[in-house]
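The primary structure of each chain is shown beneath.
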Amino acid sequence: MFLKVYSITILLLDVLSLVVKVIFAVLESVYQTIAGVAEKSVANEIVLITGTGHGIGKELAHQYASLGAIVVCWDINQEENDKTVHELRKIGAKAYGYKCDVSDRDAVLTLARKVKEEVGEVSILVNNAGIMPCHPLLQHNPQEIRKIYEINVFAHFWMLEAFLPSMIQNNHGHIVALSSMAGVMGIPNLVPYCGSKYAVRGLMESLSEELREDARQIDIKFTTIFPFIVDTGLCKKPRTRFPFLLSFVPAQTAASAIITAQRRNYSEVSIPRGLLYLNNILKLFPLRASQHMKDFFDSGVDSD
Ligand SMILES: NC(=O)c1ccc[n+]([C@@H]2O[C@H](COP(=O)([O-])OP(=O)(O)OC[C@H]3O[C@@H](n4cnc5c(N)ncnc54)[C@H](O)[C@@H]3O)[C@@H](O)[C@H]2O)c1
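What you see is a predicted model, and the numbers here were worked out from it, not measured in a lab.

Assigned secondary structure in the protein consists of nine helices and nine strands. In terms of overall size, the protein behaves like a compact globule, its C-alpha atoms giving a radius of gyration of 21 Å where 304 residues would be expected to give roughly 19 Å. For the C-alpha atoms alone, the extent of the protein along its principal axes is close to 75 × 50 × 40 Å. Surface summary for the protein: the accessible area is close to 16600 Å², and the carbon and sulfur share equals 60%. Distance between charge centroids for the protein: 3 Å, based on 30 positive and 31 negative side chains.

Below, the structure is given as structure tokens:
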């Protein structure tokens, strides 16, 4: 009898503590939405960005450099990557360029050791490199599907294998990953790509939870980015019925939004900002209703 009363009391205290914590977390979130969140400094942090030869990665390299970060640029395309590094050095930034196919685990691990020797410990990792072949599923060949997963998904694991241990050891670090709105909603002509971007969302969310539950109290931050369409040429035939609502964002704007999200320790951000909320609202409706709404908005990508 005594044991029963005791365990019910413990349970009631647990529930009470949960309610207080939830209310506090909601109030904190409302306050932060209204008052804004301070942006942490990235000056002198070593930021490694993959896919810096073009598009969002190149812009990220420029903007991180302008904030005083030491920028390490990785890309499979040496010529374009060298151009980025040259531009950065010309404006006095500390920038280092390396050619790397991020889907090649051995190459990633070997190069990571070289970066540690030549530059230092990477404290911000931006897994940005990605590809996006766009056609109906049955027109994708097996090699292409494998390549999408090797670059868009497996590369994240190799980069984490290379850089997460030292972040954990130093109890200091931030992982940023480029998913996509195609990582929260299915989009025609992008079946393998959508799967790969859902995978990025899953790996980021579960890794963040795993470290949150780690008894060592590891303070590594995770930020996952969900762009709609960024005007880099990656998406060959984008389509939007209401450009004023769902516009194609310039790479500069996307990079700036990504850096703000990272500096504010946001865990998930869509570009444009409201899209994740809109998608969550759509998911509350019955499937047919949300399909009608999707048809009305008529936005997506046509086959290459
Ligand atoms: N552009 C968009 O509309 C859009 C939308 C949602 C998500 N994203 C994501 O944002 C990221 C960047 O997209 P982007 O538009 O800047 O692309 P982009 O094609 O303009 O640039 C990608 C860069 O990655 C490099 N790269 C490709 N494969 C590589 C490999 N195996 N190893 C190393 N580097 C490699 C390319 O050489 C290129 O410089 C991608 O992950 C993409 O899926 C883009």
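Here the focus is the packing of helix 2 (residues 55-66) against helix 7 (residues 251-263). Relative orientation of the contacting elements helix 2 and helix 7 amounts to 60 degrees, with a least axis distance of 8 Å. Between helix 2 and helix 7, the crossing angle belongs to the class labelled oblique. For the pair helix 2 and helix 7, the sense of crossing is right-handed. Residues G55, I56, E59, L60, Q63 and Y64 of helix 2 touch helix 7, and the partners they reach there are A251, Q252, A255, S256, I258, I259 and Q262. Classifying every residue of the contact of helix 2 with helix 7 by side-chain character gives seven nonpolar, five polar and one charged.

Applying the stated criterion to the full structure yields one cavity of 30 Å³ or more. Reported here for the largest cavity is a volume of approximately 40 Å³. Every residue along the wall of the largest cavity is listed here: T50, V102, N127, N128, A129, I151, A155, H156 and M159. If one sorts the elements of the lining of the largest cavity by residue count, helix 5 (residues 142-170) sits on top with four residues.

Applying the stated criterion to the full structure yields ten salt bridges. One salt bridge connects E39 with R264, and the closest N-O pair in it is separated by 3.3 Å. Here E39 is found in the loop between helix 1 (2-35) and strand 1 (46-50), whereas its partner R264 is found in the loop between helix 7 and strand 8 (268-271), with 225 residues between them in sequence. According to the relative accessible area criterion, E39 is partly exposed, its value standing at 33%. For R264, a relative accessible area of 25% gives the class partly exposed. Residue D214 pairs with R216 through a salt bridge whose shortest N-O separation is 3.0 Å. With relative accessibility at 18%, the residue D214 sits in the buried group.

The next subject is the site of the ligand. In the vicinity of the ligand, 26 residues are found, and the nearest of them are H54, D75, N128, Y193 and T232. Here K197 contributes a side-chain N or O atom positioned 3.0 Å from an oxygen atom of the ligand. Bound to the protein, the ligand loses 93% of the 840 Å² it would expose on its own. For the shell around the ligand, the elements supplying multiple residues, two or more each, are helix 2 and helix 6 (191-212). Its residues assigned to classes, the shell around the ligand shows 13 nonpolar, ten polar and three charged.

The peptide bond linking I271 to P272 adopts the cis configuration, its omega dihedral lying at 0 degrees. Here P272 shows up in the loop between strand 8 and helix 8 (275-284). Phi angles above zero are rare outside glycine, and N44 is one such case at about 65 degrees. Of note, N44 is situated in the loop between helix 1 and strand 1.

With that settled, consider the UniProt feature "transmembrane region" (unreviewed entry) in the protein. According to UniProt, the positions carrying the feature "transmembrane region" (unreviewed entry) are residues 6-27. Helix makes up 100% of residues 6-27 and strand 0%, with an end-to-end C-alpha separation of 32 Å.

On to the side chain of Q63. Looking at the element boundaries, Q63 is found in helix 2. Owing to a relative accessible area of 19%, Q63 belongs among the buried residues under this scheme. Within the structure, Q63 has its side chain in polar contact with the backbone nitrogen of S256 (distance 3.2 Å). Not counting residues within four places of it along the chain, the set of residues in contact with Q63 comprises Q252, A255, S256 and I259.

This part is about the layout of surface pockets. A volume near 580 Å³ is recorded for the second largest pocket. As for the second largest pocket, its lining consists of A25, E28, S29, Q32, T33, G36, V37, R264, N265, Y266, R273 and Y277. Along the lines of polarity and charge, the residues of the lining of the second largest pocket split into four nonpolar, five polar and three charged.

Here we come to the sheet that holds strand 5 (residues 173-178). Read across the sheet, seven strands follow the order 3-2-1-4-5-6-8 without closing on themselves; strand pairing throughout is parallel. One side of each edge strand has no neighbouring strand; the edge strands of this open sheet are strand 3 (95-99) and strand 8. In this sheet, adjacent strand axes meet at a mean angle of 15 degrees when their direction is disregarded. Across five bridges, the pairing between strand 2 (residues 70-75) and strand 3 is parallel. Each bridged residue has a counterpart across the sheet, and for D75 the counterpart in strand 3 is K99. Each of strand 2 and strand 3 is contacted by helix 4 (residues 105-118), which is oriented at about 160 degrees to strand 3, the strand it contacts most.

What counts and what doesn't
Every chain is numbered on its own, with residues counted from 1 as its sequence reads. Local features in this predicted model are restricted to residues of pLDDT 70 or higher, and side-chain atom pairs are both shown and tallied only at a pLDDT of 80 or more, whereas totals for entire chains, interfaces and linings draw on every residue. The side-chain values count all of the structure's non-hydrogen atoms but skip hydrogen atoms and water molecules. Each helix is a run of DSSP H or I of at least 4 residues and each strand a run of E of at least 2, with the numbering of both proceeding from the N terminus. For a compact globule the rule gives 2.2 Å times the number of residues to the power 0.38, and the radius of gyration it is set against comes from C-alpha atoms. Here the accessible surface of atoms and residues is derived via Shrake-Rupley with a 1.4 Å probe, and residues count as covered only by protein chains that are part of the display. Positive: Lys, Arg. Negative: Asp, Glu. His and the chain ends are not part of the count. Lys charges are placed at NZ, Arg charges at CZ, Asp charges at CG and Glu charges at CD. Throughout, an axis means a line fitted to C-alpha atoms (over the contacting stretch in the case of helices), and angles, computed between N-to-C directions, take values from 0 to 180 degrees. Here the word oblique covers every angle except those under 35 degrees (roughly parallel), over 145 (roughly antiparallel) and from 65 to 115 (roughly perpendicular). Two helices that cross are described as forming a left-handed crossing if the nearer one is turned anticlockwise from the farther one by less than a right angle, and a right-handed crossing if clockwise. Here, two residues are considered to be in contact whenever any of their heavy atoms come within 4.5 Å of each other. Any residue outside Ala, Val, Leu, Ile, Met, Phe, Trp, Tyr, Cys, Pro, Asp, Glu, Lys and Arg is labelled polar, Gly included; the first ten of those are nonpolar and the last four are charged. The way it works is a 1 Å grid over only the protein atoms, where trapped points that fit a 1.4 Å probe form a cavity and open points with protein on both sides within 12 Å along at least five of seven lines form a pocket, and then any residue with an atom within 4 Å of a point lines it. Grid points are joined across faces, edges and corners, and a volume is the space filled by probe spheres set on the points. One speaks of a salt bridge when a side-chain nitrogen belonging to Lys or Arg is within 4 Å of a carboxyl oxygen belonging to Asp or Glu. When accessible area is computed with a 1.4 Å probe and restricted to protein chains, residues below 20% of their type maximum are described as buried, those above 50% as exposed, and intermediate ones as partly exposed. Any residue with a heavy atom positioned within 4 Å of a molecule or strand is treated as near that molecule or strand. Residues adjacent in sequence count toward polar contacts only when both atoms are side-chain atoms; beyond that, a polar contact is any pair of N or O atoms within 3.5 Å, and within protein one must be able to donate a hydrogen and the other to accept it. UniProt positions are given in the numbering used here, feature names are shortened, and annotations may be inferred rather than shown by experiment. We call two strands paired when DSSP finds no fewer than two bridges between them.

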